[in-house]
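Given next are the chains, with one letter for each unit.
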Amino acid sequence: MAEDADESGDSILPEPLRTVTPLTGPHPDETMNLIGWGMFLGLLILLMPLLPFILIVWLISKVTDALTPS
């Protein structure tokens, strides 16, 4: 029966607004911000010991690119 209503176009709401929950306006989400910052700081702390090696590899690649003819 619900399929018949969808096919015939008897719905009051436009297609993107078919929902059972009321629409809410934009609002800040402090919890997700806190989780994001926590993940960023955790990754930063984990990757900090690797930073000198990453820098050395990057410098070697720049030097070899500069020395090889194009």
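This is a predicted model, so every value here is computed, not measured.

Draft legend 1. View of the overall build of the chain. Looking only at helices and strands, the chain features three helices and zero strands. Along the chain direction, N to C, the helices and strands of the chain fall in the order α-α-α.

Draft legend 2. Quick look at the packing of aromatic side chains. A full pass over the atoms with the stated rule returns one aromatic pair. With 5.8 Å between their ring centres and 85° between their planes, tryptophan 37 and phenylalanine 40 make a pair best called edge-to-face. Of the two residues, tryptophan 37 and phenylalanine 40 both sit in helix 2 (residues 30-47), three residues apart, roughly one turn of that helix. You can call tryptophan 37 exposed: its relative accessible area is 56%. Judged by its relative accessible area of 45%, phenylalanine 40 falls in the partly exposed class.

Draft legend 3. Structural context of a nonpolar patch on the surface. Together, Trp37, Phe40, Leu41, Leu44, Met48 and Leu51 give the surface a local cluster of nonpolar side chains, amounting to about 630 Å² of exposed area. Classification of methionine 48 by relative accessible area gives partly exposed; the value is 45%.

Draft legend 4. Focus on the confidence of the model for the chain. Looking at the chain as a whole, its pLDDT mean stands at 82, while 80% of the residues score no less than 70. Per-element confidence in the chain is highest for helix 3 (residues 51-67), whose mean pLDDT is 94, and lowest for helix 1 (residues 2-8), whose mean pLDDT is 52.

Analysis parameters
Residues numbered from 1 in each chain as written. Predicted model: local features only at pLDDT ≥ 70, side-chain atom pairs only at ≥ 80, totals over all residues. Heavy atoms only, no water. Helix = DSSP H or I, 4+ residues; strand = E, 2+ residues; numbered from the N terminus. Phe/Tyr/Trp six-rings, centres within 6.5 Å; stacked < 30°, edge-to-face > 60°. Buried < 20%, exposed > 50% of the residue type's maximum accessible area, 1.4 Å probe, protein only. Patch = residues over 30% accessible without salt bridge, like charges linked within 9 Å, V, L, I, M, F, W, Y side chains within 5 Å. Areas by Shrake-Rupley, 256 points an atom, 1.4 Å probe, with all protein chains shown as cover. Salt bridge = Lys/Arg side-chain N within 4 Å of Asp/Glu carboxyl O. pLDDT = per-residue confidence, 0-100.

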